[in-house]
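# Fold and geometry: a report
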Amino acid sequence: SEPGLDEYLQILWRQRLIIALVVVLVVGAAVVLDARRARVYQGTASLLLTPSFSRALSAAGSGSAGANNNVDAPTAVRVIESNATGVAAAAILKVSRVPPASAKQAGTTNVVSVSVKSRDPAFAARAANAHANAYIASQQTQAIDSLTEASRQISAKISAIETQIKDVQNQIAA
C-alpha cells in the first residue's frame, strides 16, 4: 500500500533536526557568499548633443538653417565608447586607465547617457563625468579646428579679392 500523508509527516518530524541543519547551512552559505561578492556601482552622466560647428557653418553657408540641425547620436555614442575617449578620460582623472564607458541615446532625443561601472561608487561617477568631459573636449577641439580652417579660407579669399581690386584700380589709373 502507498504511504499516506500521516506517514510522510511522521518521517519529516523524525528528521526535523537534519532538515533544520540543512536549511541553516544553505542560508548561512548564501549570506557568506553574498558578503564576499564584490559590489559593482555604476556612475552615469548625461550629455545633450548639439550640432557640430562644421554642420552649423555649412547650413549657414547653404542657406538651409534648419536642414542640418540634427545631431549624429550613433556616431557620438561610438566616439564616447572609443578607446581614445577612454585614454583622454584617464588623463583628466590623472590615472593610468579608467573602466570603459557605455553610452546610450535616450529614445530619439539628443541626450546620451554615459555609464561607467566600478567597485568604487565615487570613482564610477568621476569616470562617467571624465568620459563625458573628454567627449566635450574633443568636440571643442574639432570646432576650433573648423573655425581655424574657415578663417584660413576666408583670409585667402580676401587676399584674392584685394589683389583683384588692386588690379582693377591699376587698370583704371592707367
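Here, every reference points to the structure presented above.
None of the values given here were measured: they were computed from a predicted structure. The written sequence of each chain sets the order in which its residues are numbered from 1. Where local features are concerned, this predicted model is filtered to residues with pLDDT of at least 70; where side-chain atom pairs are given and counted, the filter is 80 or more; whole-chain, interface and lining totals use all residues. Side-chain measures here rest on the full set of heavy atoms in the structure, leaving out hydrogens and waters.

Our next topic: the overall build of the protein. By definition, any uninterrupted DSSP run of H or I lasting at least four residues is a helix, any uninterrupted run of E lasting at least two residues is a strand, and each is numbered from the N terminus. Helices and strands together make up the secondary structure of the protein, namely 6 helices and 3 strands. From first element to last, N terminus to C terminus, the protein shows the α and β order α-α-β-α-α-α-β-β-α. Taken across its 174 residues, the protein has 19% of its residues classed as buried. Any two residues whose heavy atoms approach within 4.5 Å at even a single point are treated as in contact. When contacts within the protein are restricted to residue pairs at least 6 apart in sequence, those whose partners lie at least 24 apart make up 64%. Here, Shrake-Rupley sampling with a 1.4 Å probe gives the accessible areas, and only protein chains in the shown set may cover a residue. Per element, the accessible surface of the protein, about 12700 Å² overall, is 60% carbon and sulfur. Only protein chains enter the calculation, and the probe is 1.4 Å; a residue is then buried if its accessible area is under 20% of its type maximum, exposed if over 50%, and partly exposed in between.

Further remarks concern the sheet that holds strand E3 (residues 111-118). Sheet architecture is open: 3 strands sit in the order E1-E3-E2, paired in antiparallel fashion. The open sheet has two edge strands with one neighbour each: strand E1 (41-48) and strand E2 (101-105). Neighbour-to-neighbour, the strand axes of the sheet open up by a mean angle of 25°, direction not taken into account. One ladder, built from 5 bridges, connects E2 with E3; its direction is antiparallel. The residue bridging Ala 101 from the neighbouring strand is Val 116, located in E3. A fitted line through C-alpha atoms serves as each axis, taken over the contacting stretch for helices, and the angle formed by two N-to-C directions is quoted from 0 to 180°. Against the sheet, helix H6 (residues 121-173) makes contact with E1, E2 and E3, and its axis sits at roughly 25° relative to E1, the strand it touches most. Whether two strands pair depends on DSSP finding at least two bridges between them.

Once that is clear, we can look at the pairing of E3. Bridge analysis of E1 against E3 gives 8 bridges, and the strand direction is antiparallel. Bridge pairing in E3 links Ala 45 to Val 114. Hairpin connection between E2 and E3: a loop of 5 residues separates the two successive antiparallel strands, and Gly 107 in this loop has a positive phi of roughly 60°.

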